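Commentary on secondary and tertiary structure
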Amino acid sequence: MATILATVVPAHAEPGEDEGEEAGPRGIKPYAAQEASARLAPYGAVAPGEYGDALADLRGLPGTRSLWTEVTDKPYDADDPNYRDPNFSNSGGGAGLVAGRITGLAAGRGQVFAGGANGGVFRKKLTSGAWTPISDGILALSTGDLVYDSHADTLWYATGEANTGATSYTGAGVYRLRNASRARGFSQADRVGGDELESRSINQLKFDGAGHVYAATTRGLWRHSTDERRHAQRWELVFMPNPASDSDITKPYDNIINDVLIDPGSRGHTVLANAAWRSGAAYNGYYLSTAAGTAGSFSRVNLLGDIDNDDVGNAEFAVSGDGHSYYLVQESPEQLIEGEPSVLKGAYRSTGGILGPWRRIATSTKLADSGSALKSLPTYQPGVQAWYNNFIEVDPSDPRHVYLGLEEVYESEDGGDSWKTVGPYWNFYFPCFDITDPTGGCPPTTHSDQHSIAISGGRVLVGNDGGVYSRPLAPAASREDADGHALDWSNHNAGLRTLQYYSVGTGRDPDRRGVTVAGGLQDNGGSLLRAGARRMVSPFGGDGGDTIVNPRNGCQILDEYTNLVLWLTKNCGRSDGTFSAVFDVTVPDVNARFTAPFKAIRGSKNTRDGSSERWVAGGNSVWRHDLAFAYTPEEAAAEEANGWQKLYTLDEDGARLVVGLDGVADPKAPADAARDTYLAAWCGEANCNSAGFTRGVATNWGGNWTELDLTGLPNRYPNAVTFDPADPTNSTIYLVFNGFNRRFIEGPGAGVKHVYRGKLTKTHAGVSVAWTDLSVGFPDVPATDVLVVGNKLVVATDLGVLVADRRATPETIRWRRVGREPGDGPRALPLTAVFDLHLSIDGNLYAATHGRGIWKTPVALL
């Protein structure tokens, strides 16, 4: 999220997380706005029920005989001392085994329930046992909140991650699982109400103790009876700050409800809501109902005391077990807009009632002085992502014992008068850190970026971008060092299979029988699974984007940190910390996307030794690297452009960005880079914002760069493009469209088609293209990648992988689901987004999912 520091400082010193800001050679800029706005492309809203209809269409397709195998079901060790590059690895930071982002957490009756950001709900015993997925049979695996009623053994699951991060997915409502500690899992019949909460994401579920549950969503505050006899009754909308905006496709952020606080002494009659868009809006503020939360009873109020009512952003509440102490943590839109090193307005406590007076008990500076690992990073202070990662919770048995989660975990035993950083961001720069010590020298800590918390069984559990961690709750039972850093965190991430991949690549393992599997991850670097290994390791730190692996040598890996900041290793990144096994080959582009595409040029040979294929990369320009894995650290150190050559620029203003890319060599001259042919799908303007959205496809087919005519094609995000390898003239291409905002959102002219085949021909004026719509029978599901495998056209989507005959016409095409229906056993691909497809030398098709890891299936069974 910050700029890259000098190579003498570990890359992990860049708190790099793809939900906040984008990193690159030009410095910091608002990545989340770029990525999220692109998903609006062109913008819009969908009526509730379309999500369910799309899934029904998908499930109505016949399946192939394919059986999927989960590849990344091994523990992922971010601290392996054998992969501890001193400049580019996170190893030694103290997070230990890691999983994907956990946005919902609940516990009770000796059980813990964890909700992955886009991986669904897992369950295990608190003190032992394995994680088991229990929500694979329902409509959505994106998690907003989890609440467990231990007395009734009932788990409430709010779908739709609502932190407005760039990779947040919309939900399908709220589900209630009875006998949750032992039930097999959720079914669609467990959904509470109808489809009215589809296409909405849910920040919090709160219960008033008077027979109602509230859902604070990205589109209003809703309420439902907790009476099981009214299970099918529709949810009631009780508050929406700007009702007209709910149907206005240009105003998706006008009705965000972040949380509600119900006065426990009012028997449900007094309800306080925080409504706010993180970047500021006229409706931002607090709203009060003293009429039991009924529709029309909420009015804006100013909280008393230290609250700045003119600078209210995302806020979350907590209340003590005795009902007399209230807490909240609040983000500052003003500080976010100004680009301050922290956007935390403060944490507050009230003992005088729900309206206050509220006393500020924590600021960014106060937390930095509490033992924070971020104190030494002047541009990245505690609360820098308070709009994205935040929680506050009170020990039920002690109203003065409080936990606060931001990027780190903080604890107070005196109602916020003092704090200690019990879960530092990492251990780098602490005096105890020793890169040569296999343990890193410091006590284990949590992963960074906190999202959820649960208290049960005498333990406090936290969920963050790296999974689930716990420690003793009672101060008398917990242990810290002199700096307040906890000495007793337990790691619960073995088998928690919620990793969020952007990409996957494979290559022959040079030392073992089989292939290496590498991939880029959201906030968990680049992972590597060696052939036959029982654990995955992390050669690259920070975020991970796209990936290239040399198929001839799987230890030669090109990994993307962010924005075409590329890191290269030739030995799988093996290092004991005393030398660097990775070097920087960043593309000097002026405006690459956060996860910008780069590919091996198929059929090519690098111009030095021919042992690997050349590379092509896309930002605002298209670039080529002729030496690829034959490139050396010495050359990189001597060359400002790191060996990259600019081929074509989309526009001189830097407003257009490549999002889909392919390149092929001339089979008659594989080493002649001048004869390569490229395709670059792009979007713009203003980083693909909905305002002024444009899209296109550029190619040098025919000899000169030209923009293809997209007349009649959807005005949406062109996610992937490829040449048909069966066509020796490279005149047959395939283009797939995404187009969503938090998924499944359309706008005027967007269209519902997703898959097209193009035929290129030369004319006197240049190049023309004839498009054929292959979307007949294709569910209205966003498409993310496309491959041609023999005579098969394979398309990745937000709900799995589809296949058809590449030779088919609109009249004959028949789309099929690859494999069994989601939820039909462990050999079925889970119902989650597939970001990347990869054809491996081992005869398998690999799929990188953004929530359930990497999977593979034999190509022969497609």
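Calculation criteria
Residues numbered from 1 in each chain as written. Predicted model: local features only at pLDDT ≥ 70, side-chain atom pairs only at ≥ 80, totals over all residues. Heavy atoms only, no water. Helix = DSSP H or I, 4+ residues; strand = E, 2+ residues; numbered from the N terminus. Rg over C-alpha atoms; globule rule 2.2 N^0.38 Å. Buried < 20%, exposed > 50% of the residue type's maximum accessible area, 1.4 Å probe, protein only. Phe/Tyr/Trp six-rings, centres within 6.5 Å; stacked < 30°, edge-to-face > 60°. Lys NZ or Arg CZ within 6 Å of the ring centre and 35° of its normal. Pairing = 2+ DSSP bridges. Axes fitted to C-alpha atoms, helices over the stretch in contact; angles between N-to-C directions. Polar contact = N/O pair within 3.5 Å; in protein donor to acceptor, adjacent residues only side chain to side chain. Contact = heavy atoms within 4.5 Å. Disulfide = S-S within 2.5 Å. pLDDT = per-residue confidence, 0-100. Patch = residues over 30% accessible without salt bridge, like charges linked within 9 Å, V, L, I, M, F, W, Y side chains within 5 Å. Areas by Shrake-Rupley, 256 points an atom, 1.4 Å probe, with all protein chains shown as cover. Salt bridge = Lys/Arg side-chain N within 4 Å of Asp/Glu carboxyl O. Lys, Arg positive; Asp, Glu negative; His and termini not counted. Charge placed at Lys NZ, Arg CZ, Asp CG, Glu CD. 1 Å grid on protein atoms, 1.4 Å probe; cavity = no way out; pocket = protein on both sides within 12 Å on 5 of 7 lines; lining within 4 Å. Points joined across faces, edges and corners; volume = space filled by probe spheres on them. Core = buried A, V, L, I, M, F, W, Y, C linked by side-chain atoms within 4.5 Å.

Structural notes on the overall build of the chain
- From N to C terminus, the chain includes 5 helices and 57 strands.
- For a compact globule of 862 residues, the expected C-alpha radius of gyration is about 29 Å, and the chain comes in at 26 Å, within 12% of that figure.
- Taking the principal axes of the C-alpha coordinates as reference, the chain spans close to 80 × 60 × 50 Å.
- Buried positions account for 66% of the 862 residues belonging to the chain.

A word on the packing of aromatic side chains
- Evaluated as defined, the whole model comprises 22 aromatic pairs.
- On the numbers, 6.4 Å between centres and 80 degrees between planes, the contact of tyrosine 175 with phenylalanine 186 is edge-to-face. Remark: phenylalanine 186 occurs in the loop between strand S9 (174-178) and strand S10 (191-192) and tyrosine 175 occurs in strand S9; sequence separation between them is 11 residues.
- Tyrosine 175 sits in the buried class, given a relative accessible area of 0%.
- Given the relative accessible area of 5%, phenylalanine 186 is considered buried.
- Feature note: the residues Tyr380, Tyr425, Trp426, Phe428 and Phe433 constitute an aromatic cluster, connected by ring pairs.
- The side chain of arginine 278 reaches across the aromatic face of tryptophan 387, ending 4.2 Å from its centre.
- Cation over ring: arginine 471 sits above tryptophan 489, and NZ or CZ is 5.6 Å from the ring centre.

So, the sheet that holds strand S17 (residues 285-289)
- If you walk across this open sheet you meet the 4 strands as S15-S16-S17-S18, and the pairing is antiparallel. Here the strands that pair on one side only, and so sit at the sheet edges, are strand S15 (257-262) and strand S18 (299-301). Ignoring strand direction, the axes of neighbouring strands in this sheet form an average angle of 35 degrees.
- The pairing of S17 with S18 spans 3 bridges and is classified as antiparallel. Paired with tyrosine 287 across the strands is arginine 300, a residue of S18.

With respect to the side chain of histidine 447
- One can find histidine 447 in the loop between strand S26 (420-423) and strand S27 (450-456).
- There is a polar contact of 3.2 Å between the side chain of histidine 447 and the backbone oxygen of aspartate 523.
- Discounting chain neighbours no more than four positions away, the residues touching histidine 447 are Ala95, Val98, Asn464, Asp465, Gly466, Tyr469, Asp523 and Asn524.

Observations concerning the state of the cysteines
- Enumeration according to the criterion identifies 2 disulfides in this entry.
- The disulfide partner of cysteine 555 is cysteine 572, and the gap between their sulfur atoms is 2.0 Å. Residues cysteine 555 and cysteine 572 share a disulfide whose torsion about the S-S bond is about -85 degrees; that sign makes it left-handed. Here cysteine 555, found in strand S36 (residues 553-560), pairs with cysteine 572, found in the loop between strand S37 (566-569) and strand S38 (582-584); they are 17 residues apart in sequence, far enough to count as distant. In this structure, cysteine 555 and cysteine 572 share a single accessibility class: buried.

Re the confidence of the model for the chain
- Looking at the chain as a whole, the pLDDT averages 91, with 92% of positions reaching at least 70.
- For the stretch residues 1-44, pLDDT sits under 50, and the model shows 171 contacts to residues farther than four places along the chain or on other chains.
- In the predicted structure, residues 740-746 sits below a pLDDT of 50 and forms 48 contacts with residues beyond four places in sequence or in another chain.

Observations concerning the sheet that holds S36
- Ordered in space as S35-S36-S37-S38, the 4 strands form an open sheet in which the pairing is antiparallel. One side of each edge strand has no neighbouring strand; the edge strands of this open sheet are strand S35 (547-550) and S38. Neighbour-to-neighbour, the strand axes of the sheet open up by a mean angle of 20 degrees, direction not taken into account.

A short note on the pairing of S9
- Of all 5 residues making up S9, 4 are buried, and the element is well covered by its neighbours.
- Two elements, strand S8 (residues 154-159) and S9, share 5 bridges in a ladder whose sense is antiparallel. Bridge pairing links tyrosine 157 to tyrosine 175 in S9.
- Relative to S10, S9 runs antiparallel, the two being bridged by 2 bridges. Directly across from tyrosine 175, in S10, lies its bridge partner arginine 191.

Some details on a negative patch on the surface
- A cluster of like negative charges, contributed by Asp310, Glu334, Glu338 and Glu340, occupies part of the molecular surface.
- With respect to the element layout, glutamate 334 can be found in helix H3 (residues 333-338).

A short note on the environment of valine 343
- By the element assignment, valine 343 lies in the loop between H3 and strand S21 (344-350).
- When its relative accessible area of 2% is taken as the criterion, valine 343 is described as buried.
- For the pair valine 343 and threonine 772, spaced 429 residues apart in the sequence, the C-alpha separation amounts to 49 Å.
- Excluding its chain neighbours within four sequence positions, the residues that come into contact with valine 343 are Glu331, Ser332, Gln335, Leu336, Gly383, Val384, Gln385, Ala386 and Trp387.

Some words on unusual backbone geometry
- Cis geometry marks the peptide bond from glycine 356 to proline 357; its omega dihedral reads 10 degrees.
- Mapping proline 357 onto the fold places it in the loop between S21 and strand S22 (359-362).
- Unusually for a residue other than glycine, arginine 267 sits at a positive phi of about 55 degrees.
- If you trace the backbone, arginine 267 turns up in the loop between S15 and strand S16 (271-275).

So, the layout of surface pockets
- Estimated volume of the second largest pocket: approximately 1200 Å³.
- In this structure, the second largest pocket is lined by 50 residues; those nearest its centre are Asp546, Lys599, Asp785, Asp836 and Leu837.
- Only helix H1 (31-39), strand S31 (505-508), S35, strand S39 (598-600), strand S43 (657-664), strand S47 (720-723), strand S51 (783-789) and strand S55 (834-839) provide two or more residues apiece to the lining of the second largest pocket.

Considerations on the pairing of S27
- Within S27, 6 of the 7 residues are buried, which leaves it mostly tucked inside the rest of the structure.
- Where S27 meets strand S28 (residues 459-464), 6 bridges bridge the pair, whose relative direction is antiparallel. Bridge pairing in S28 links glutamine 450 to asparagine 464.
- Linking S27 back to S28 in an antiparallel pair, the connection comprises 2 residues, with glycine 457 at a positive phi of about 60 degrees.

Considering the nonpolar core
- Among the nonpolar cores identified, the biggest contains 41 residues, and Leu155, Phe186, Leu793, Val795 and Trp815 are the most heavily contacted of them.
- Those elements that provide at least two residues to this core are helix H2 (50-59), strand S7 (143-149), S8, S9, strand S48 (732-736), S51, strand S52 (792-797) and strand S53 (800-805).
- Setting aside residues no more than four positions away along its own chain, leucine 793 makes contact with Tyr734, Val755, Leu774, Val786, Leu787, Val788, Leu802, Val803, Ala804, Arg806 and Trp815.
- Counting residues in each nonpolar core, the second largest holds 28 residues, with Val462, Trp489, Leu521 and Met536 among its members.

So, the pattern of salt bridges
- Inspection of the entire model under this criterion finds 39 salt bridges.
- One connected set of salt bridges, linked through shared partners, spans Glu411, Glu413, Lys420, Arg471, Glu480 and Asp488.

Here we look at the environment of arginine 695
- Secondary-structure assignment places arginine 695 in strand S45 (residues 694-699).
- A relative accessible area of 17% means that arginine 695 is categorised as buried.
- C-alpha separation for the pair arginine 695 and alanine 318, spaced 377 residues apart in sequence, amounts to 45 Å.
- Setting aside residues up to four positions removed in sequence, arginine 695 forms contacts with Trp682, Cys683, Leu710, Leu713, Pro714, Asn715, Arg716 and Pro718.
- Separated by 2.9 Å, the side chain of arginine 695 and the backbone oxygen of proline 714 make a polar contact.

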